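Examining the three-dimensional arrangement
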Amino acid sequence: MKVMRMNKLEWVLLCLLTTVFSPLWGSEDMPSGLLRMPDMPLHDPYILAHQPSRTYYLYTSNIGRMSGTPGVGTMVYKSKDLLNWEKPKAVFVVPENSFAHQGGWAPEVHEYKGRYYLFVTLHNDERILTQPPDSWKTTIVRGTISAVADSPDGPFEMLNPEAAVPPADFMTLDGTLFIEDGQPWMVYAHEWLQKADGTIEAVPLSEDLSRAIGEPIHLFKASDAPWLNASITPDTGLLHYVTDGPEFYRTKDGHLLMLWSSYENDSYVQTVARSKSGRLQGPWEQLDPLVKADSGHGMLFRTFEGQLMMVLHRPFRNARGKLYEMKDCGDHLEVVRERIDLDGDPVEIYEGFSETTE
């Protein structure tokens with residue numbers, strides 16, 4: 001394979017071409033009534049590989065014109081082969097008695113003790129936490145809630161309409177589930193808007209995942225990543241660092257990894273950290289990014305044939321899902337290839353502004 005470098009303008013043109021022409025990709029082979037990834041608007045994708053039905057569930061924020069259901073919430077695309085997808089349906093709509101009715105970001109569904117739990121981030125921009133001059137940015141009520149259903153098809157019922165799971169005075173997002181020694185935790189990103197240097201934190205959960213039962217703990221901050229610091233150019237601007245999308249993976253030899261996302265020179269980056277102790281509390285060391293080129297908020301799953309895969313979105317605005325074959329190397333992950341046969345990209349993107357061709 002030959003790797004070519006694209007400049008910024010070429011990358012923007014590629015994104016535009018992908019957006020304009022990709023809905024036509026493979027249309028002659030597409031079964032009637034089904035979609036392919038270029039036709040599927042989404043953000044913060046999460047795939048649950050449901051073994052009993054051998055169905056892939058791809059959850060994302062509800063888009064009324066796609067699902068046919070208005071309102072803030074979560075919708076799901078379903079597929080048997082990661083290529084052809086059913087039109088989405090809404091599986092959760094924020095109830096009227098909820099503390100917040102905006103957002104619907106970063107939904108993910110976990111099977112836990114025989115039921116299915118949805119974590120999704122909501123916010124209320126009318127409930128101000130702080131504002132200048134008392135803080136450097138205006139902060140609002142934002143956090144991840146939990147909801148439950150008996151099936152991955154929903155409908156999901158919000159467990160606590162009164163508040164998000166993390167502390168009410170924290171502006172947080174992108175909560176995920178992690179279980180250690182039988183204790184469930186919500187691990188979330190603490191907003192850079194409140195912290196300036198965004199952090200990843202965790203809070204222990206009740207048995208039914210409805211609420212926190214202890215104080216939060218700090219795992220790491222965004223500026224811990226050496227590659228992020230190396231990208232900084234001196235100027236007069238205030239430094240700030242983003243943390244997004246924590247997701248966990250235990251490798252074949254027991255190493256604990258965490259996927260997370262940030263920005264490098266205003267471009268989204270999918271990166272990864274490793275716990276030196278193999279435990280949630282770390283300490284955490286930052287590894288090299290996995291995919292750049294305005295890509296991120298990824299998560300890992302296995303196909304029904306056993307192949308380790310990563311799904312993420314790209315570009316950040318007007319995003320579509322991108323699929324990568326991954327390799328578990330024991331103490332780290334490697335990208336094998338982008339599955340452009342599944343996601344419809346015209347080229348394979350690994351990092352930077354890279355184009356891979358035969």
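For the structure given in this document, a descriptive report is provided here. No experiment lies behind these values; they were computed from the predicted model shown.

What counts as what
- Residues numbered from 1 in each chain as written.
- Predicted model: local features only at pLDDT ≥ 70, side-chain atom pairs only at ≥ 80, totals over all residues.
- Heavy atoms only, no water.
- Buried < 20%, exposed > 50% of the residue type's maximum accessible area, 1.4 Å probe, protein only.
- Helix = DSSP H or I, 4+ residues; strand = E, 2+ residues; numbered from the N terminus.
- Pairing = 2+ DSSP bridges.
- 1 Å grid on protein atoms, 1.4 Å probe; cavity = no way out; pocket = protein on both sides within 12 Å on 5 of 7 lines; lining within 4 Å.
- Points joined across faces, edges and corners; volume = space filled by probe spheres on them.
- Nonpolar A, V, L, I, M, F, W, Y, C, P; charged D, E, K, R; others polar.
- Axes fitted to C-alpha atoms, helices over the stretch in contact; angles between N-to-C directions.
- Polar contact = N/O pair within 3.5 Å; in protein donor to acceptor, adjacent residues only side chain to side chain.
- Contact = heavy atoms within 4.5 Å.
- Phe/Tyr/Trp six-rings, centres within 6.5 Å; stacked < 30°, edge-to-face > 60°.

Walk down a regular strand and you will see the side chains alternate between the two sheet faces. With 7 of 7 residues buried, strand 4 (residues 55-61) lies mostly within the body of the structure. Taking the residues that link successive antiparallel strands as the turn, the strand 3 (residues 46-50)-strand 4 hairpin has 4 residues, and the phi of Arg54 there is positive, at about 45°. With 6 bridges joining them, strand 4 and strand 5 (residues 73-79) adopt antiparallel strand pairing. Note that in strand 5 the partner of Tyr56 across the bridge is Ser79.

Counted under the stated rule, the structure contains 2 cavities of 30 Å³ or more. Lining the second largest cavity are Asp44, Pro45, Tyr46, Ala106, Pro107, Glu108, Glu247, His297, Gly298 and Met299. Those elements that place two or more of their residues in the lining of the second largest cavity are strand 8 (102-112) and strand 20 (296-302). By residue class, the composition of the lining of the second largest cavity is 5 nonpolar, 2 polar and 3 charged.

Further remarks concern unusual backbone geometry. At the junction of Pro132 and Pro133, the peptide bond is cis and its omega measures out at 10° in the coordinates. Omega for the bond connecting Gly154 with Pro155 falls within 30 degrees of zero, at -5°, which places this linkage in the cis form. Relative to the assigned elements, Pro155 resides in the loop between strand 10 (139-149) and strand 11 (157-158). In this structure, Asp44 is a non-glycine residue whose phi angle is positive, near 55°. Positionally, Asp44 belongs in the loop between strand 2 (34-35) and strand 3. Here Asp44 falls in the buried class, since its relative accessible area comes to 8%.

Turning our attention to the sheet that holds strand 14 (residues 199-204). The strand order across the open sheet formed by 4 strands is 12-13-14-15, and the pairing between neighbours is antiparallel. The sheet is open, and its two edges are formed by strand 12 (172-180) and strand 15 (217-221), each paired on a single side. For this sheet, the mean inter-axis angle between neighbouring strands, taken without regard to orientation, is 25°. Where strand 13 (residues 183-190) lies against strand 14, 6 bridges are found, and the strand directions are antiparallel. The residue of strand 14 that forms the bridge with Val187 is Ala202.

Here we take up the side chain of Ser206. Locating Ser206 in the fold gives a position in the loop between strand 14 and strand 15. Judged by its relative accessible area of 6%, Ser206 falls in the buried class. Engagement of the side chain of Ser206 in a polar contact is seen with the backbone nitrogen of Ser210, the distance being 3.3 Å. Those residues in contact with Ser206 that sit more than four places away from it in its chain are Pro184, Arg211 and Ile213.

This part takes up the layout of surface pockets. Once rolled over the atoms, a probe with the size of a water molecule shows which space is left empty. Size it by volume and the largest pocket reaches roughly 880 Å³. Lining of the largest pocket is provided by 34 residues; of these, Trp192, His240, Val242, Tyr263 and Asp266 occupy positions nearest its centre. If you list the elements that add at least two residues to the lining of the largest pocket, you get strand 4, strand 8, strand 12 and strand 17 (256-264). Ranked by the residues each element gives to the lining of the largest pocket, the list is headed by strand 17, at 3 residues. Looking at the lining of the largest pocket residue by residue, the classes come out as 15 nonpolar, 12 polar and 7 charged.

Here 4 strands make up an open sheet; going across it, the order is 8-9-10-11 and the pairing antiparallel. Both edges of this open sheet fall to strand 8 and strand 11, since each of them pairs with a single strand only. Bridging between strand 9 (residues 115-130) and strand 10 involves 11 bridges; their strand directions are antiparallel. In the sheet register, Tyr117 faces strand 10, and the bridge partner there is Val148.

What the rule picks out here adds up to 12 aromatic pairs. Between Phe220 and Trp260, the aromatic rings sit 5.3 Å apart at their centres with planes inclined by 55°, giving tilted as the arrangement. Here the residue Phe220 occupies a position in strand 15, and Trp260 occupies one in strand 17, the gap between them amounting to 40 residues. Each member of the pair, Phe220 as well as Trp260, carries the same accessibility label: buried. Among the aromatic residues, those joined into a ring-pair cluster are Phe178, Phe220, Phe248, Trp260 and Trp284.

Turning our eyes to something else, we now look at the pairing of strand 8. Two elements, strand 8 and strand 9, share 8 bridges in a ladder whose sense is antiparallel. Residue pairing for strand 9: Glu108 is matched across the bridge by Phe119. Between strand 8 and strand 9, which pair antiparallel in sequence order, lie 2 residues; one of them, Lys113, sits at a positive phi of approximately 55°.

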